[in-house]
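Structural overview
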Amino acid sequence: MPFKDLREFLARLEKEGELQKFDEEVDWNLEAGAISRRALETDLPAPFFEKIKDYPKDRRMVSCVLANLKRIAIAMDMAPDTPMRELIEEYLRRQKKPVKPVTVKTGPCKENVLIGDEVDLLKFPVPVIHEGDGGRYIGTWHLTVTRDLNTGWTNWGMYRHMLHDAKSFGVLAPAPKHLGTMADQKYAPQNLPMPVAVVLGSEPITTFCAATPVPYGVSEADIAGGLRGEPVELVKCETSDLLVPAHSEIVIEGEITPGDERDEGPFGEYTGYRSGLASPKPVIRVKAVTFRNDPIFTFSCPGVPLDDSASVFSVNKSAQFLDELRSKGLPVTGAYLIVEGASHAIAVSVKNAYYGIAGEVAHVIWSARHGLLTPSVIVVEDDVDPCNLQQVFHAMMTKCHPGRGINKIEHATAWPLIPWLSEHERKHRMGARVYYDCTWPVDWDRAELPVRQSFAECYPKEIQEKALRKWRSHGH
Ligand SMILES: Cc1cc2nc3c(=O)[nH]c(=O)nc-3n(C[C@H](O)[C@H](O)[C@H](O)COP(=O)(O)O)c2cc1C
Ligand SMILES: [Mn+2]
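An account of the accompanying structure is given in this report. (Residues numbered from 1 in each chain as written. Chains lettered and ligands numbered in written order. Predicted model: local features only at pLDDT ≥ 70, side-chain atom pairs only at ≥ 80, totals over all residues. Heavy atoms only, no water.)

**Some points on the pairing of strand β12 (residues 233-236)**
Note on strand geometry: in a regular strand, side chains alternate between the two faces of the sheet. Relative to β12, strand β4 (residues 102-103) runs parallel, the two being bridged by 2 bridges. The partner of T103 across the bridge, within β12, is L234. Of the pairings in the sheet, the one linking β12 to strand β13 (residues 243-245) comprises 3 bridges and is antiparallel in character. Looking at β13, one finds that V235 is bridged to V244. Here β12 folds back onto β13, and the loop between the two strands holds 6 residues. (Pairing = 2+ DSSP bridges. Helix = DSSP H or I, 4+ residues; strand = E, 2+ residues; numbered from the N terminus.)

**So, the sheet that holds strand β17 (residues 332-337)**
An order of β17-β18-β19-β21-β20 is seen for the 5 strands of this open sheet, with the pairing classed as mixed. Looking along the sheet, the strands with just one partner apiece sit at the ends: β17 and β20 (406-413). Direction aside, neighbouring strands of the sheet carry axes that sit 15 degrees apart on average. The pairing of strand β19 (residues 376-381) with strand β21 (residues 430-438) spans 5 bridges and is classified as parallel. (Axes fitted to C-alpha atoms, helices over the stretch in contact; angles between N-to-C directions.)

**Remarks on the packing of aromatic side chains**
Across all of its chains, the model carries 10 aromatic pairs by this definition. With a centroid separation of 6.3 Å and 20 degrees between ring planes, the pair formed by F49 and F299 is classed as stacked. You can see F49 sitting in strand β2 (residues 46-52) and its partner F299 sitting in strand β16 (residues 296-299), a full 250 residues away along the chain. The exposure classification of F49 matches that of F299, with both residues buried. Clustering of aromatic rings is evident, with ring pairs tying together F22, F49 and F299. Over the ring of W28 we find R136, and its NZ or CZ is 3.6 Å from the ring centre. Positioned above the aromatic ring of F313 is the side chain of K317, whose terminal nitrogen or guanidinium carbon lies 4.4 Å from the ring centre. (Phe/Tyr/Trp six-rings, centres within 6.5 Å; stacked < 30°, edge-to-face > 60°. Buried < 20%, exposed > 50% of the residue type's maximum accessible area, 1.4 Å probe, protein only. Lys NZ or Arg CZ within 6 Å of the ring centre and 35° of its normal.)

**So, a negative patch on the surface**
Negative charge collects at one region of the surface, where D23, E24, E25, E31 and D54 lie side by side. For the negative patch, the element with the most residues is strand β1 (residues 19-26), which contributes 3 residues. Within the secondary structure, E25 sits in strand β1. (Patch = residues over 30% accessible without salt bridge, like charges linked within 9 Å, V, L, I, M, F, W, Y side chains within 5 Å. Areas by Shrake-Rupley, 256 points an atom, 1.4 Å probe, with all protein chains shown as cover. Salt bridge = Lys/Arg side-chain N within 4 Å of Asp/Glu carboxyl O. Lys, Arg positive; Asp, Glu negative; His and termini not counted. Charge placed at Lys NZ, Arg CZ, Asp CG, Glu CD.)

**As for the coordination of the manganese ion (ligand 2)**
Bound to the manganese ion (ligand 2) are the protein donor atoms N155 (OD1), H178 (ND1) and E220 (OE), situated 2.1 to 2.2 Å from the metal. Taken in chain order, the donor set of the manganese ion (ligand 2) reads N-x22-H-x41-E. Pair noted here: H178 is in helix α5 (residues 178-187) and E220 is in helix α7 (residues 220-228), with a separation of 42 residues, a long-range link. Here H178 and E220 have matching classes, each one buried. (Donors = N, O, S within 2.8 Å, 3.2 Å for Na, K, Ca; no water.)

**A word on empty space enclosed by the protein**
Over the atoms rolls a probe the size of a water molecule, and its path tells where empty space is left. Evaluated as defined, the whole model comprises 2 cavities of 30 Å³ or more. Taken as a whole, the largest cavity encloses approximately 590 Å³ of empty space. M158, Y159, K177, S309 and F313 are, among the 35 residues lining the largest cavity, the residues nearest its centre. Elements that contribute at least two residues to the lining of the largest cavity include exactly β8 (154-157) and α8 (308-327). Of the residues that constitute the lining of the largest cavity, the class distribution is 17 nonpolar, 10 polar and 8 charged. Shared between two domains, the lining of the largest cavity takes at least three residues from each, and those domains are domain 1 (6-299) and domain 2 (308-442). Size it by volume and the second largest cavity reaches roughly 30 Å³. Taken together, L6, V65, W141, G201, S202, P204, T207 and T298 form the lining of the second largest cavity. Partitioning the lining of the second largest cavity into residue classes produces 4 nonpolar, 4 polar and no charged. (1 Å grid on protein atoms, 1.4 Å probe; cavity = no way out; pocket = protein on both sides within 12 Å on 5 of 7 lines; lining within 4 Å. Points joined across faces, edges and corners; volume = space filled by probe spheres on them. Nonpolar A, V, L, I, M, F, W, Y, C, P; charged D, E, K, R; others polar. Domains from an automatic or database assignment.)

**Overview of the site of ligand 1**
Around ligand 1 lies a shell of 23 residues, among which M158, R160, L172, H178 and R369 are the nearest. With respect to ligand 1, the backbone of W156 contributes an N or O atom lying 3.3 Å from an oxygen atom. At a separation of 2.7 Å, an oxygen atom of ligand 1 approaches a polar backbone atom of M158. About the coverage of ligand 1: the protein hides 94% of its 630 Å² of free accessible area. (Near = heavy atom within 4 Å. Polar contact = N/O pair within 3.5 Å; in protein donor to acceptor, adjacent residues only side chain to side chain.)

**A look at the layout of surface pockets**
Approximately 870 Å³ is the volume attributed to the largest pocket. Lining the largest pocket are 39 residues, with L172, P174, S279, P280 and K281 positioned closest to its centre. Residue composition of the lining of the largest pocket, grouped by class: 21 nonpolar, 7 polar and 11 charged. One number sums up the size of the second largest pocket: a volume of about 390 Å³. Lining the second largest pocket are 20 residues, with Y355, R404, D437, T439 and P441 sitting closest to its centre.

The following block contains the structure:
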């Protein structure tokens, strides 16, 4: 059964030992961030903060909600120990069967309604997450809702939001992200304000889907329904026609006016580094806030992998790339956006490799949506599990020839957050790419290929079983 709301999910996480409550006071200014970062770097449970400095008892916070594979598997209503490859394939199966949301009259997110002058975002414990951030970040684990002016199609995305003051905040979502594309191509040409809703604390799959790279025109809400196996319940906003998940903790309604910009950033990012200097970005001006009683404020603490985005993307982006590769008829057996690689590297396994297959794989990845965020492609044969970094690295170091195996594309479009770009390259989006061909050359005699030496590969089955029995008799 899918989870109805965040609260049900958190209760389940607690039962599984994946949630830690903090009943002592915790500071929204850096301390909650530090506790979260420590959790991410040492695989500790998701921290749930029950007492926040400067705030009444009814303001709570939670972070790292989907920061590891186990929590994602639980959110998908699967066994907590489901292996990565299975999770990716199951995600793909369900994504292909979208379920449309239903609209309901009201929901828990309407328990409190503040409109216009009553709005004060500082009534929520908006955290300073890392030292050096440009401000308090109100949106780091949420979904941001916008609607296409012409078609009525609704998009969900997760884009960072830095608080400017009690009634406004910024957004980082340049094209090809859908919020930026929609603002630039649909609302700006007509000089119309674009309604926006930022939703914190919806049930885990809806939030997960806000960070899923589906094409323009496809609703993340339908994908969420498919993943849940049950439609998402939506309710209308107070000040616009946008629809938002009814069981959310907090809904912030506002709008972006074309040309209305203010400096935003820097922010500690998923790349593992603080992103460049503050720069002008669109402003969301708030018109209303609705929230549940005792609202739970959700956030994430990006930084050196792992973080929530790395975990989420290792499932949904891997699935997306795998689907794209298969749709082109390539003999691909697995694809994995390496969680330790900050979304920059993907490992792809192929069977029946032929001359040039690694290049074909790489170009499909780069032409896929958001492929520009993944400039390194590692192609292995299917005796290597692409989800096993140890095996992938071994193949890179032993099968990839430093000359003919490493293929550089010197001139390519860049995603500006990539840390190895210079300021100039970042500004003009001038990047580069590489693919590593870790397949044996096709013109080597098959009988003379190096034979891998591992337990599974260099002993007959009966000797393996004998060895295992002996180990078992010693309790291992
Ligand atoms: C925790 C987290 C934070 C993110 N922050 C941003 C961000 O600030 N800007 C951005 O463009 N994408 C960000 N992303 C990635 C987008 O959510 C992702 O690319 C998503 O597919 C965008 O939605 P869209 O495809 O509808 O544009 C973030 C993802 C996660 C998981
Ligand atoms: Mn989208």
